[in-house]
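Geometric and topological summary
Given next are the chains, with one letter for each unit.
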Amino acid sequence: MLIKSDKQPKSIDFLQPVYSPTDIWSNAYLWLTEVGKYLLIAVEVVVLAVFFSRFILDKKNNDLTEEVNNKIVLLSNDSWKRNSILFSNYQALLSDVIKIREGQDINSSTVSELINGVPSSLKIETFSFTAQRVSFYLSSNSLESVKNYETALKNNPDYKDVKFSINKERSELNIRVSFSLIEPK
């Protein structure tokens, strides 16, 4: 017959505690050795994952940097710059053409008629055409051709308020002509 005793069994297993701890330090030590080691392993796995992901992210960053640098080299090429300026000028020109086409009166036939109406013996120095007012600055050596042009302008029913101003410098005549156009009905 065996008699049971309240004594703790003697054991030589060093991994199993023979007694249960009762103070707070012993409980903390047991918690750290049992639970803390798994937390430490988890932290090490996270650190290793971050460390190796850094290689992948660095490779992507280097690839993007290389791609950006290649595009910068391409865009800084002189022919590319010239072409870019050329095409931006074309775009500006086309937008101006669209604006003119939609909203501006086309006066090319009137301007052509005015310029072609000047005799060949008179040299056009400057020409101005604004609203319904026309101005010429002409030069000539022949007073007769100036008088003929003045008579033609004053007798033309499409023009009104014809003014001539003539200055003589050496053998050349400088003529300022201005007149208004009469709008067709």
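To keep things clear, this report deals only with the structure shown in the data block. Keep in mind that what you see is a predicted model, and the values were worked out from it rather than measured.

Observations concerning the pairing of strand 3 (residues 159–169)
Relative to strand 4 (residues 172–181), strand 3 is paired through nine bridges, and the arrangement is antiparallel. Of the residues in strand 4, the one forming a bridge with lysine 168 is leucine 173.

Notes on the side chain of serine 180
By secondary structure assignment, the location of serine 180 is in strand 4. A distance of 2.7 Å separates the side chain of serine 180 from the side chain of arginine 133, its partner in a polar contact. Not counting residues up to four positions away in its chain, the partners in contact with serine 180 are Gln132, Arg133, Asp158, Tyr159, Lys160 and Asp161.

So, the sheet that holds strand 4
As summarised here, the arrangement of the four strands in space is 1-2-4-3, forming an open sheet in which the pairing is antiparallel. For this open sheet the edge positions go to strand 1 (123–130) and strand 3, each flanked by a neighbour on one side alone. With strand direction ignored, the average angle separating the axes of adjacent strands in the sheet is 10 degrees. Pairing analysis gives eight bridges linking strand 2 (residues 133–140) to strand 4, with the strands arranged antiparallel.

Section: the pattern of salt bridges
When the charged atoms of two side chains with opposite charge come close together, those side chains can pair. Taken as a whole and judged by the stated rule, the model has six salt bridges. Glutamate 67 is the partner of lysine 71 in a salt bridge, and the nearest nitrogen-oxygen pair spans 3.5 Å. Note that lysine 71 and glutamate 67 are positioned in helix 1 (residues 24–75) at a spacing of four residues, about one turn of the helix. The class of glutamate 67 is partly exposed, set by a relative accessible area of 41%. Where aspartate 161 meets arginine 133, a salt bridge forms, and the shortest distance between an N and an O atom there is 3.4 Å. Of this pair, aspartate 161 sits in strand 3 while arginine 133 sits in strand 2, and the two are 28 residues apart along the sequence. On the basis of relative accessibility, which here comes to 25%, the residue arginine 133 falls in the partly exposed class.

Details of the environment of isoleucine 182
Within the secondary structure layout, isoleucine 182 lies in the segment after strand 4. The exposure class assigned to isoleucine 182 is partly exposed, which follows from its relative accessible area of 39%. For the pair formed by isoleucine 182 and aspartate 158, sequence separation is 24 residues and the distance between their alpha carbons is 5.2 Å.

So, the pairing of strand 1
Bridging between strand 1 and strand 2 involves seven bridges; their strand directions are antiparallel. Bridge pairing in strand 2 links phenylalanine 129 to valine 134. With antiparallel pairing between neighbouring strands as the criterion, strand 1 and strand 2 make up a hairpin whose turn holds two residues, including alanine 131 at a positive phi of roughly 50 degrees.

Structural notes on the nonpolar core
With 16 residues, the main nonpolar core has Phe136, Leu138, Tyr149, Val177 and Phe179 as its most contacted residues. For this core, the secondary structure elements donating two or more residues are strand 2, helix 4 (143–155), strand 3 and strand 4. Here tyrosine 149 is in contact with Gly117, Val118, Pro119, Leu122, Phe136, Leu138, Phe164 and Val177, once residues within four sequence places are set aside.

Analysis parameters
Residues numbered from 1 in each chain as written. Predicted model: local features only at pLDDT ≥ 70, side-chain atom pairs only at ≥ 80, totals over all residues. Heavy atoms only, no water. Pairing = 2+ DSSP bridges. Helix = DSSP H or I, 4+ residues; strand = E, 2+ residues; numbered from the N terminus. Polar contact = N/O pair within 3.5 Å; in protein donor to acceptor, adjacent residues only side chain to side chain. Contact = heavy atoms within 4.5 Å. Axes fitted to C-alpha atoms, helices over the stretch in contact; angles between N-to-C directions. Salt bridge = Lys/Arg side-chain N within 4 Å of Asp/Glu carboxyl O. Buried < 20%, exposed > 50% of the residue type's maximum accessible area, 1.4 Å probe, protein only. Core = buried A, V, L, I, M, F, W, Y, C linked by side-chain atoms within 4.5 Å.

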